[in-house]
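Examining the three-dimensional arrangement
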Amino acid sequence: MSDQVQITPLDYSADRPVAENPVKIMDLSIRDGHQSLFATRGRTEDMIPVAEMMDEVGFWAIETWGGATFDTMHRFLNEDPWERLRTLKRYIKKTPFSMLLRAQNLVGYRNYADDLALAFVDRAAENGMDIFRTFDALNDYRNFETVVSQIKKCGKHFQGCICYTLTEPRLGGEVYNLAYYVDRAKSLESMGADSVCIKDMAGLLAPYDAYPLIKALKEAVEIPIHLHSHFTSGMSPMTHLKAIEAGVDIIDTCMTPYAYRTSHAAVEPLVMALLGTNRDTGFDIKKLAAINEVLEKEVMPKYKHLLDDSKVSIIDINVLLHQTPGGMLSNLVNQLREMDALDKIGEVYKELPRVRKDLGQIPLVTPTSQIVGVQTVNNVLHDTPDERYKMITGQVKDLCYGLYGKTAVPINAEVQKKALKDYPRGEEPITCRPAEVLEPELEKAKAEIGDLAVDLDDLILYAQFPVTGKKFLEWKYGKTEAPDSVKPITLEDVRKRDELIKKAIAGKLVESKGDEPAKSASLRTFNVFVDNEYFNVEVDPTGDVQVVTPVPAAAPAAPAPAAPAPQAVKEEPAAAADTDGTLLLAPMPGMIVNYLKNEGDTVKSGDAVVVLEAMKMENSLTAPADGVVKCVKFASGDSVAKGAVLCVIG
Ligand code: CO
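All of the protein donors around the cobalt ion are Asp 32 (OD), His 228 (NE2) and His 230 (NE2); their distances to the metal are 2.1 to 2.2 Å. Within one chain, the residues donating to the cobalt ion are spaced in sequence as D-x195-H-x1-H. Taken as a pair, Asp 32 in helix H1 (residues 29-37) and His 230 in the loop between strand E7 (225-229) and helix H9 (236-245) lie far apart in primary sequence, 198 residues in all. Considered together, Asp 32 and His 230 belong to a single accessibility category, that of buried residues.

Now the structure itself:
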């Protein structure tokens, strides 16, 4: 009985007495919320209308930055991520800011060198960050050492995460059991963590596992315990309650418009559920309602088209079936669809746990979920009965080398040996902290980008995102004009788009014939979905007449967060003489990273010839025969279709 939440019904007014031990709440709407539901496309200008109101709620913190925001902002929104921090700080003056930091991966996708990591944390703190929620995909806390030293030096809050993952349907088994999580929490506390966060990115934490888990953590460490549990599987509201009964200190939620599906449970039902108890949040539900009203009317109309409404159900049952993050599953489906191999999904589900086990039972979170996912698909598509791991991605090689850190259990020795054959850093894996083998990189980045990076913030952005970062800095300093696709839309644009959709549904979209006015510079393009048909509609607001040219096209795949903008795929030029020899074909659509062999080079069957990037993973493609490399068709940066002839060996 003592565990249970005490109900002392009295006063439910906004100024009711403070509860004995209020549950603290962190709001995630303007980071994880829009990252989960709206492909991280939230703009700063759409956060400002509610910023001051949110500062009045009494949140423990508001998550404002990190994760994919840094990437998406400069790449797709033409916004300086550093500026968002400074802008929001002018409106949110009382509530601390929190960011999601991928430890030595910072806000990018690989381990960066120590000099860059130190500079990043220092500048984030200087620009207004208060709480650094830090995680490592392998739960290898050696990857925390550099950033934590700087977080502490800046006098900021270091929150250490434990990525929650399972190998069984419920907590337990040989690897990820209660003892594992307790050990990780103690290790964080001894590193100086100011709080510990259970980061349940796939919504796998079941209510009756949350209870013993939080109990054990509360007993093992002194510092506050924070729960981050995505809604994806549908369990999180129940999990929250059991965690609260077990004494959890802080819970993550979103404002209703940013809640549920792959995001988080909403704050409002939790506030009401705890009202009048000893864990009452003390929040004024009317203030929350007022924020929701502004969001619904002024903000969400601009984003609702980004919501993946391909399914009615807001719960992903597959997550319960496969204990795998929903985002990872949808990536796998997209990847198979791109390769015309959707019928192999059953095999992929079977292969996935095998690959994960071979690779050391790593947690599945960015970037490891992608690494395991892509390798699984490669195995299903390319392996033969007598050879497994025929095509190993560059990232799997890096993992086998130890570049991501230490895996929960050792990597399959055979797979590791195969992956490290001819690996440029060496065939013997490292056991030290990964960043120790990385050369400092800030000076090198400075030499590359030159004066285009005006200050350290620009340079840090460029160093993490060389291609898109450079493009952004050119927009920022007026060297090139930003394309329309990165410009904000207004409520007026939304109204016009909605009218078009209405007309399309009513069958009133008529193709114009002749006498079309010239398209002006303010022409905007919209994707309009009507039932299963997709229309590409151009709207020119300055003309008297709206030119509507419905172009039925194949419906594009569901938007993946931070996916690179689609590029024109180069058709391979047809030439009869080219086929004189053995062809090396692209096994999947992707982008050429570089050729490792040049025209005229002699190669042996199995030598790596070209590196192809697909689904953010690098794959080295090998010579299908002995001979001389002829007819290199593409250059670095070219996009190629599946089956394109990359070179001929003859
Ligand atoms: Co999250």
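Following the criterion strictly, the structure yields 38 salt bridges and no others. For Asp 498, the salt bridge goes to Lys 304, with nearest N and O atoms at 3.2 Å. Here the residue Asp 498 occupies a position in helix H21 (residues 491-505), and Lys 304 occupies one in the loop between helix H11 (285-299) and helix H12 (317-322), the gap between them amounting to 194 residues. You can call Lys 304 partly exposed: its relative accessible area is 43%. The salt bridge involving Arg 354 is made with Glu 351; its shortest N-O contact spans 3.1 Å. A residue pair is termed a helical-turn pair when its members lie 3 or 4 positions apart in one helix, as Arg 354 and Glu 351 do in helix H14 (residues 345-358) at three residues. The exposure class assigned to Arg 354 is partly exposed, which follows from its relative accessible area of 45%. The network of salt bridges with common partners includes Glu 83, Arg 86, Arg 123 and Asp 457.

Attention now moves to the environment of Ala 623. Within the element layout of this structure, Ala 623 appears in the loop between strand E15 (617-622) and strand E16 (627-630). Spatially, the C-alpha atoms of Ala 623 and Lys 597 are 9.9 Å apart, while their sequence positions differ by 26 residues. Aside from chain neighbours lying at most four places away, what touches Ala 623 is Val 603, Lys 604, Ser 605, Gly 606, Asp 607, Val 609 and Ile 649.

Our focus in this paragraph is the packing of aromatic side chains. Overall, the coordinates contain 18 aromatic pairs when judged by the stated rule. The interplanar angle of 15° and the centroid separation of 5.9 Å between the aromatic rings of Trp 65 and Phe 120 together place this pair among those described as stacked. Taken together, the residues span a long stretch of sequence, with Trp 65 in strand E2 (residues 61-66) and Phe 120 in helix H5 (residues 114-126) at a distance of 55 residues. Grouping residues by exposure puts Trp 65 and Phe 120 together as buried. Plain terms: the ring middles of Tyr 401 and Tyr 423 are 4.9 Å apart, the flat faces sit at 40° to each other, and that makes the pair tilted. With Tyr 401 in helix H16 (residues 394-401) and Tyr 423 in the loop between helix H17 (413-419) and helix H18 (442-449), this residue pair connects regions lying 22 residues apart in the sequence. Each member of the pair, Tyr 401 as well as Tyr 423, carries the same accessibility label: buried.

Thresholds, definitions, all that
- Residues numbered from 1 in each chain as written.
- Predicted model: local features only at pLDDT ≥ 70, side-chain atom pairs only at ≥ 80, totals over all residues.
- Heavy atoms only, no water.
- Donors = N, O, S within 2.8 Å, 3.2 Å for Na, K, Ca; no water.
- Helix = DSSP H or I, 4+ residues; strand = E, 2+ residues; numbered from the N terminus.
- Buried < 20%, exposed > 50% of the residue type's maximum accessible area, 1.4 Å probe, protein only.
- Salt bridge = Lys/Arg side-chain N within 4 Å of Asp/Glu carboxyl O.
- Contact = heavy atoms within 4.5 Å.
- Phe/Tyr/Trp six-rings, centres within 6.5 Å; stacked < 30°, edge-to-face > 60°.

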